[in-house]
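Each chain, letter by letter, is given below.
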Amino acid sequence: MDKFRMLFQHFQSSSESVMNGICLLLAVVTVKLYSSFDFNCPCLARYNALYGLGLLLAPPLALFLCGLLANRQSVVMVEEWRRPAGHRRKDPGIIRYMCSSVLQRALAAPLVWILLALLDGKCFVCAFSNSVDPEKFLDFANMTPSQVQFFLAKVPCKEDELVRNSPARKAVSRYLRCLSQAIGWSVTLLLIIAAFLARCLRPCFDQTGFLQRRYWSNYVDLEQKLFDETCCEHARDFAHRCVLHFFASMQSELQARGLHRDNACRSPEPPAVPEPPEVLDSGSGKAHLRAISSREQVDHLLSTWYSRKPPLDLAASPGLCGGGLSHRAPTFALGTRLSQHTDV
């Protein structure tokens, strides 16, 4: 259980690991779907190509869209692309890096489906059985063109009475299946070579731009995640304070109406007046959350976050909200001596 918890925390803290895990999961689901799929070619000249190409391309498109939906960085990339510049300039290199990362992970499952379909050959045989040149096979010499097209449409259906024991059907099916497998293995080899060259040749070039784009793309993702977590924390604290304020106001209203029952046998103890939350949390790290205490302030904060992201310079003090919100770290007097964090 401890190992599983550590693994879950690792995936939770690393967005890249989560995306890789989702990508692997989609690839496994793709293999399971294809292996459990019941392929039935219509064996009609008008619909063979439509059915075969549809099964070859439609599921990869659906898997590609699922990969985009499952990848959180796709939403972050669009938000970074469409956001106003504000106090922070937009770097097209970061957007290109995020787009490349999203597309690489989203294309994994569709490529697995296409390669499986090509190596299996059923979709290819169904789609291109009517496109075979009859002159390559001697068995069609005694057939009219209409008979040839009707026969070729029945090639994917080996159980059909017309082509069940026909050597011509086996020859055409074998020819198309070999062609499909050749294309599949060629695509697989090209992808492996491209990945190998990209991995081996990348260290030969300057890594400065790559490291910068990778760092800032991770920063944008983590910044948005931390902002969402902080908003959830503030919403929970704000709701807690609103509920406490409601109960306090109801208690005051009941006391004003004389509905508060006191024990006449003994002198009532003075009710403990709870300290305001600002006093309880004055020394905690929630002071910056407690400062936002109305709906108008929350709406203004959210609109400011969207329209004017803070500059990436912690040494500056721009005063984002008219001097009200500043992300600058607390400063100390020159003569103040820090008693903590002396070990470096």
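Every value quoted in this text rests on a predicted model; they were computed, and no experiment measured them.

The rules we used
Residues numbered from 1 in each chain as written. Predicted model: local features only at pLDDT ≥ 70, side-chain atom pairs only at ≥ 80, totals over all residues. Heavy atoms only, no water. Helix = DSSP H or I, 4+ residues; strand = E, 2+ residues; numbered from the N terminus. Buried < 20%, exposed > 50% of the residue type's maximum accessible area, 1.4 Å probe, protein only. Patch = residues over 30% accessible without salt bridge, like charges linked within 9 Å, V, L, I, M, F, W, Y side chains within 5 Å. Areas by Shrake-Rupley, 256 points an atom, 1.4 Å probe, with all protein chains shown as cover. Salt bridge = Lys/Arg side-chain N within 4 Å of Asp/Glu carboxyl O. Disulfide = S-S within 2.5 Å. Polar contact = N/O pair within 3.5 Å; in protein donor to acceptor, adjacent residues only side chain to side chain. Contact = heavy atoms within 4.5 Å. Arc of directions from axis to C-beta. UniProt positions renumbered as here; feature names shortened; annotations may be inferred. Core = buried A, V, L, I, M, F, W, Y, C linked by side-chain atoms within 4.5 Å. Phe/Tyr/Trp six-rings, centres within 6.5 Å; stacked < 30°, edge-to-face > 60°. Lys NZ or Arg CZ within 6 Å of the ring centre and 35° of its normal.

### Considerations on unusual backbone geometry
Line of reasoning, step 1. Look at Cys43: it is not a glycine, yet its phi comes out positive at around 60°.
Line of reasoning, step 2. Tracing the chain through its elements places Cys43 in the loop between α2 (15-36) and α3 (48-70).
Line of reasoning, step 3. Look at Cys43 and you get buried, because its relative accessible area is 2%.

### A few points about a nonpolar patch on the surface
Line of reasoning, step 1. Nonpolar side chains collect at one region of the surface, where Leu189, Ile193, Phe196, Leu197, Leu201 and Phe205 lie side by side and expose about 610 Å² of accessible area between them.
Line of reasoning, step 2. Residue position: Leu189 is located in helix α9 (residues 167-201).

### Some details on the state of the cysteines
Throughout this description, disulfide means a covalent bond between two cysteine sulfur atoms.
Line of reasoning, step 1. Under the defined criterion, the tally for this structure stands at two disulfides.
Line of reasoning, step 2. Covalent S-S linkage joins Cys41 and Cys126, the inter-sulfur distance amounting to 2.0 Å. Linking Cys41 and Cys126, the disulfide has an S-S dihedral of approximately 75° and is accordingly described as right-handed. Of this pair, Cys41 sits in the loop between α2 and α3 while Cys126 sits in helix α7 (residues 122-128); the two residues are 85 residues apart in sequence, bridging distant segments of the chain. Accessibility assignment for this pair places Cys41 and Cys126 in one class, buried.

### Some points on the side chain of Ser129
Line of reasoning, step 1. Within the secondary structure, Ser129 is located in the loop between α7 and α8 (145-153).
Line of reasoning, step 2. Taking relative accessible area as the criterion, Ser129 reaches 0% and is therefore assigned buried.
Line of reasoning, step 3. Among the polar contacts made by the side chain of Ser129, one reaches the main-chain carbonyl oxygen of Leu152 at a distance of 3.3 Å.
Line of reasoning, step 4. Aside from chain neighbours lying at most four places away, what touches Ser129 is Asn48, Leu152, Ala153, Val155, Pro156 and Leu176.

### Details of helix α4 (residues 72-82)
Line of reasoning, step 1. By the burial criterion, the buried members of α4 are Gln73, Ser74, Val76, Met77 and Glu80. Along α4, the residues classed as buried sweep out an arc of 165° about the axis, all on the same side.
Line of reasoning, step 2. For α4, the elements touching its buried residues are α3, α5 (92-106) and α10 (208-257).
Line of reasoning, step 3. For α4, the N-terminal capping position is held by Asn71, with its side-chain oxygen 3.0 Å away from the main-chain nitrogen of Gln73.

### Thoughts on the UniProt feature "transmembrane region" (unreviewed entry) in the chain
Line of reasoning, step 1. Under the local residue numbering, the UniProt record ascribes the feature "transmembrane region" (unreviewed entry) to residues 21-37, 49-70 and 178-198.
Line of reasoning, step 2. In residues 178-198, helix accounts for 100% and strand for 0%; the two terminal C-alpha atoms are 30 Å from one another.

### Thoughts on the nonpolar core
Line of reasoning, step 1. One finds Phe39, Phe140, Phe151, Leu152, Val155, Val172 and Leu176 to be the most contacted residues of the largest nonpolar core, which totals 27 residues.
Line of reasoning, step 2. Among the elements of the structure, α2, α3, α6 (108-120), α7, α8 and α9 are those that each provide at least two residues to this core.
Line of reasoning, step 3. Leave out the neighbours within four places in its chain, and Leu152 touches Ser129, Asn130, Val132, Phe140 and Val172.
Line of reasoning, step 4. Counting six residues, the second-largest nonpolar core is a separate cluster that includes Val76, Met77, Ile95 and Met98.

### Some remarks on the packing of aromatic side chains
Given two aromatic rings, their pairing is described by the distance between the two centres and the angle made by the two planes.
Line of reasoning, step 1. Overall, the coordinates contain 11 aromatic pairs when judged by the stated rule.
Line of reasoning, step 2. Consider the rings of Tyr34 and Trp113, whose centres lie 5.2 Å apart with planes at 90°: the pair is edge-to-face. Pair noted here: Tyr34 is in helix α2 and Trp113 is in helix α6, with a separation of 79 residues, a long-range link. Of the two residues, Tyr34 and Trp113, both sit in the buried class.
Line of reasoning, step 3. Here Trp216 and Tyr219 contribute two aromatic rings whose centre-to-centre distance is 5.3 Å and whose plane-to-plane angle is 80°, an arrangement assigned as edge-to-face. Here the residue Trp216 and the residue Tyr219 both occupy positions in helix α10, the gap between them amounting to three residues, near one helical turn.
Line of reasoning, step 4. Exposure remark for Trp216: the relative accessible area of 30% places this residue in the partly exposed category.
Line of reasoning, step 5. Of the aromatic side chains, those joined through ring pairs into one cluster are Phe137, Phe140, Phe151 and Tyr175.
Line of reasoning, step 6. Its end group placed over the ring of Trp81, Arg82 keeps NZ or CZ at 5.6 Å from the ring centre.

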